[in-house]
Amino acid sequence: MLMTHILAELYDCPDVIHDAEALAEAAKTAAQSVGATIVGEYEVRYVPHGLTIAIFLGESHIVLTTWPEYRLLLVDILLCNPEMDPQAVVEQIQRQICPGGQMVVHETPRRIAARP
């Protein structure tokens with residue numbers, strides 16, 4: 001099976017990147033928009049600031065990590081169902097969290113198989 005792993009950088013994000021609840025809600029809404037199944041979530045707060053929000057899916061994960069001092073949000077998306085569009089997920093997160101910012105997306109193919 002071949003999947004696309006998305007790593008994205010969202011620059012010039014507003015102060016909502018300080019809000020763990022808003023970040024988690026954006027990731028969950030984006031996951032549900034492609035039909036993914038949410039099975040858990042976890043939050044880590046860093047001192048003096050910054051967050052990592054992990055949304056665990058029946059199909060893999062969405063992880064959001066912030067660097068508020070740079071107004072930066074990093075997004076990691078892996079969906080094991082090839083019918084689900086990870087690009088749609090990252091675009092939904094951008095619309096909710098960083099609509100006026102710039103986004104750089106890196107797509108990496110991931111092969112799930114017993115051998116390369």
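The protein is annotated in an unreviewed UniProt entry as S-adenosylmethionine decarboxylase from Bradyrhizobium sediminis. What the UniProt record of the protein gives under Cofactor (unreviewed entry) is the line "pyruvate".

### Looking at the sheet that holds strand β5 (residues 72-79)
Read across the open sheet, the six strands follow the order β2-β3-β4-β5-β1-β6; overall the sheet is antiparallel. This sheet does not close on itself; its edge strands, each paired only once, are β2 (38-45) and β6 (102-111). For this sheet the average axis-to-axis angle between neighbouring strands, irrespective of direction, equals 10°. Direction of pairing for strand β1 (residues 2-11) relative to β5: antiparallel, over a ladder of six bridges. Paired with Ile6 across the two strands is Ile77, which belongs to β5. Contacting β2, β3 (51-57), β4 (60-67) and β5, helix α1 (residues 20-33) runs over the sheet at an angle of about 30° to β3.

### Examining the pairing of β1
Bridging between β1 and β6 involves 10 bridges; their strand directions are antiparallel. Within β6, the residue paired with Leu10 across the bridge is Met103.

### Quick notes on helix α2 (residues 86-97)
End to end, α2 covers 17 Å across 12 residues, agreeing with the expected 16 Å (1.5 Å per residue, within 8%). For α2, the full list of buried residues reads Pro86, Gln87, Val89, Val90, Gln92, Ile93, Gln94 and Ile97. Structurally, α2 contributes buried residues whose contacts are with β1, α1, β4, β5 and β6. With a side-chain oxygen lying 2.9 Å from the backbone nitrogen of Gln87, the N-terminal cap of α2 falls on Asp85.

### Quick word on the side chain of Thr66
Summarising the element assignment, Thr66 is placed in strand β4. Discounting chain neighbours no more than four positions away, the residues touching Thr66 are Ile17, Leu23, Gly50, Leu51, Leu72 and Leu73.

### Side note on the state of the cysteines
In the structure shown here, the tally under the stated rule is one disulfide. Residue pairing for Cys13: its cysteine sulfur links by disulfide to Cys98, the two sulfurs lying 2.4 Å apart. The S-S bond linking Cys13 to Cys98 shows a torsion near -105°; that makes this disulfide left-handed. Taken together, the residues span a long stretch of sequence, with Cys13 in the loop between β1 and α1 and Cys98 in the loop between α2 and β6 at a distance of 85 residues. When its relative accessible area of 0% is taken as the criterion, Cys98 is described as buried.

Scoring rules and cut-offs
Residues numbered from 1 in each chain as written. Predicted model: local features only at pLDDT ≥ 70, side-chain atom pairs only at ≥ 80, totals over all residues. Heavy atoms only, no water. UniProt positions renumbered as here; feature names shortened; annotations may be inferred. Pairing = 2+ DSSP bridges. Helix = DSSP H or I, 4+ residues; strand = E, 2+ residues; numbered from the N terminus. Axes fitted to C-alpha atoms, helices over the stretch in contact; angles between N-to-C directions. Contact = heavy atoms within 4.5 Å. Expected span 1.5 Å × (residues − 1). Buried < 20%, exposed > 50% of the residue type's maximum accessible area, 1.4 Å probe, protein only. Polar contact = N/O pair within 3.5 Å; in protein donor to acceptor, adjacent residues only side chain to side chain. Disulfide = S-S within 2.5 Å.

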